[in-house]
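Descriptive structure summary
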Amino acid sequence: METNIALYKYCVRIADTSLILAQRMCEWCGHGPILEEDIAMSNMGLDLIGQSRGFYSYAAKLESKGRTEDDIAYFRNEREFLNRCIVEQPNTNFAFTMMRSFLHGCLAYLQFRTLVKSKDDTIAGLSEKALKEMTYHVRHASEWIIRLGDGTDVSHEKVKEALENLWQFTDELFEMDEVDQALIKSGIACDISMLRAEWDQMVNEVLAKAKLERPLGGYQSKGGFNGAHTEHLGHLLSEMQYLPRAYPDAIW
Amino acid sequence: MSTKDNWPTWEVFTQQKNGAAHEHAGNVHAPDAEMALLNARDVYGRRQEAVNIWVVPSVAITASTPEDMGPFFEPGNDKMYRWPNYYKTPEGIKQI
Amino acid sequence: MNQPQIQEDEQKHVDAFNARIAAGKTIEPKDWMPEKYRKQLLRMMSQHAHSEVVGMLPEGNWLTRAPSLMRKAVLLAKVQDEAGHGLYIYSGAETLGTDRAEMIDQLLSGKAKYASIFNYPTLNWADMGAVGWLVDGAAIVNQTALAKCSYGPYARAMIRICKEENFHSKQGYQIMAHMMSGTKEQQEMAQDAINRFWWPVLMMFGPSDADSPNSDDLMKWKVKLYSNDDLRQRFIDRTVPQAEAIGIKIPDDKLKWNPTTRHYEFGEINFDELKSVITGNGPCNKLRMKQRNDAHKNGAWVREAAIAYAEKRAKE
Ligand SMILES: [Fe+2]
Ligand SMILES: [Fe+2]
């Protein structure tokens, strides 16, 4: 696989994942459990939008067809979106949102930590910023998982339900294909399969503190990073993309 | 409303740059110290206003009262000899 | 102490308080203050804080539909700031002896009021421009005055907030400017937005002075430094040229510059509409209250869990 084509796809996968999660975070703004948390979730949303813009812009540059970050974000359909399925899952409640941020965040943290050393300077630069952001997201989400898990009976039930529902999207976090292989060889991408043990350790530690049991077995989704999504993504996109699509000539 | 879900307040002090003194920025509500720190970071550090943050339970602060103002602070008024510019430097001497 | 003695002491306090106000000094939380001053301030500050928080909703309505990633980020940062404003002002109001949870209860039970403007719907993307430019523009005029008010914690919160409001109104104006120089449909959206928002924004400054029941005391105490009508005029005077610069039409046939007074004259404001929106009968009053009540109710178990966890840890 040609490096530029692989790298384009690699960037879009990261950008899509950040953007879709940001979109979910936006839904909370004004509806959080307490003002402080509205502010915190918005901060995370802003970080994620920033990440997506960085990686889209780089993808656009690699592609060199004159497209912009917005063209890539707003003019592709659900089968063309390459995000991991976990981030498109609905907010459901605060426990789901925190669990989703936590499970995905741990991987994103590890991934960016490795990509800081990428042989591609742009990837390394973007990852350096994203790493700091994800470090905080993981800390914030972990603190909440622990409090919800070891808080009241109600909160324990809810966070347990969140874990059990979201677990089916965790194997997918580690999926790789020829895009990754091509870039790993040239020292640009990171081998996420190597991060699994550390991810397990991070997750197990927090789950133990939260008095939650790690789910075993069950269905595992596949292929979000190649466009195989859950039913939720289409709805999310139709809302997110409607304006630029309704008025394709407009500049906002 | 029940007090079960009412979080206490924490006073937030931010250090704007390395080496500077921490200054009072405001307060946040939080259930415990760690969350107070995270909330303070999100609320008072959005515009790069801080490099370090302290949080202190608001109830832990003891303040002087307005009635204290006279007895506390006015006795300093007549002690001008504490200020360096009270002392005239003899002409011709540049530095003491 | 006998009765005359108490009255004499009270009078001494009142005199000292009035003297401080007259000298332009600020009143701090632990200073003696007339009960009425405390009550009026608490009412005003909690209403203001509620307005910031309810004010997140009309713009929050477009966060997931912002037409570019840059606009999405800007809008999210803006709405987030409003949560911060609510937080700062609640925290200022708490120094008057009522905690935030109690103030929020008053909002949710419908006892406390908030700015009427947030009871209007946001129906197209240009509303994000109109709200930022006009609503935050009006807020700047109001809040710049409040930054010099006599209550220290309120004034300090306003200074912090004013810095952020400038970003809010600029981003709104930029949206409008972009749309006015865009396609025909965009121009129509922009005009539609200002047509709907102009008059309700003028109402934000409150009833005209002749009709403003709380103003006298507040002005005497230098909580309010300018009257509703003065501030409204100031807003109109600074906004009309901005509208002209981007070629958007303000929906008021009577609007015209008076070279003698050096102010714009404007048409009559429908204060009956203001009254009915304030008393709960605006287009979105029910929706806004439902949204806030839902958020609060749905968050109760989260807030409780955090407290329960903290209590367990404290016992260890
Ligand atoms: Fe505000
Ligand atoms: Fe604002």
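Provided above is the structure to which this section pertains.
Description of the structure in this document. (Residues numbered from 1 in each chain as written. Chains lettered and ligands numbered in written order. Predicted model: local features only at pLDDT ≥ 70, side-chain atom pairs only at ≥ 80, totals over all residues. Heavy atoms only, no water.)

Description of the nonpolar core
As a reminder, the rule being used: We define the nonpolar core as a collection of buried residues of types Ala, Val, Leu, Ile, Met, Phe, Trp, Tyr and Cys that are connected through side-chain atoms lying within 4.5 Å of one another. Under the scheme applied here, a residue whose accessible area is under 20% of the maximum for its type counts as buried, over 50% as exposed, and between as partly exposed, the area being computed with a 1.4 Å probe on protein chains only. We count a stretch as a helix when DSSP gives it H or I for four or more residues in a row; a strand needs E for two or more, and each element gets its number in order from the N terminus. Here, residues are in contact when the closest pair of their heavy atoms is within 4.5 Å.
Core analysis: the biggest nonpolar cluster contains 199 residues, and Met99(A), Trp199(A), Tyr37(C), Trp125(C), Tyr154(C) and Phe235(C) have the highest contact counts within it. Counting residues per element, this core draws most heavily on helix H1 (residues 3-28) of chain A, which supplies 15 residues. The contact partners of Trp125(C), leaving out residues within four places of it in the chain, are Leu243(A), Trp252(A), Trp62(C), Ala66(C), Pro67(C), Arg71(C), Leu75(C), Ile175(C) and Met179(C).

Brief notes about the interface of chain B and chain A
Note the cut-off: Note on definitions: buried area is the accessible-area loss of two parts on being combined, 1.4 Å probe, summed for both. Should a side-chain nitrogen of Lys or Arg be within 4 Å of a carboxyl oxygen of Asp or Glu, the pair is scored as a salt bridge.
Counting residues at the interface gives 13 residues for chain B and 12 residues for chain A. When the two sides are added together, the surface that chain B and chain A hide from each other amounts to roughly 1300 Å², 60% of it contributed by carbon and sulfur. Contact with chain A buries area across many residues of chain B, yet Met35(B), Leu38(B) and Asp42(B) alone supply 37% of it, more than any other trio. Our enumeration of links across chain B and chain A arrives at two salt bridges. Linking Glu34(B) and Arg139(A) is a salt bridge whose minimum nitrogen-to-oxygen distance equals 3.0 Å. For the side of chain B that touches chain A, the element with the most residues is helix H1 (residues 33-44) of chain B, which contributes eight residues.

Considerations on the pattern of salt bridges
For the coordinates displayed, the defined rule picks out 41 salt bridges over all chains. Here Glu35(C) makes a salt bridge to Arg38(C), at a shortest N to O gap of 3.6 Å. Of this pair, Glu35(C) and Arg38(C) both sit in helix H2 (residues 35-54), three residues apart, which is roughly one turn of the helix. Each of Asp150(A), Lys211(A), Lys312(C), Arg313(C) and Glu316(C) takes part in a single network of salt bridges with overlapping partners.

Section: the coordination of the iron ion (ligand 1)
Residue and element names in this part refer to chain C. What counts here: For Na, K and Ca the donor cut-off is 3.2 Å, and for all other metals it is 2.8 Å, counting N, O and S atoms only; because water is absent from this set, sites may look incomplete. Any coordination sphere not matching a tetrahedral pattern (four donors, all angles between 85 and 135 degrees) or a square planar or octahedral pattern (four or six donors, opposite donors over 155 degrees apart, other angles between 65 and 115) is reported as irregular.
Looking at the metal site, the iron ion (ligand 1) is ligated by Glu 52 (OE), Glu 82 (OE), His 85 (ND1) and Glu 165 (OE), spaced 2.1 to 2.4 Å from it. Considering all four donor atoms around the iron ion (ligand 1), the spread of angles at the metal, 80 to 147 degrees, places the coordination shape in the irregular class. Each donor residue of the iron ion (ligand 1) lies on one chain, and together they are spaced E-x29-E-x2-H-x79-E. Separating the iron ion (ligand 1) from the iron ion (ligand 2) is a gap of 3.2 Å, which Glu 82 spans by donating to each of them. Of this pair, Glu 82 and His 85 are both found in helix H4 (residues 69-94), three residues apart, which corresponds to roughly one turn of the helix. By relative accessible area, which is 5% here, Glu 82 ends up buried. Look at His 85 and you get buried, because its relative accessible area is 0%.

Some points on unusual backbone geometry
Residues and elements named next belong to chain C. The phi angle at Lys 222 is positive, at roughly 55 degrees, despite the residue not being glycine. Within the fold, Lys 222 resides in the loop between helix H9 (215-220) and helix H10 (228-246). You will see that Arg 262, though not glycine, has its phi angle at about 60 degrees, which is positive. Relative to the helices and strands, Arg 262 is located in the loop between strand E1 (256-258) and strand E2 (263-265).

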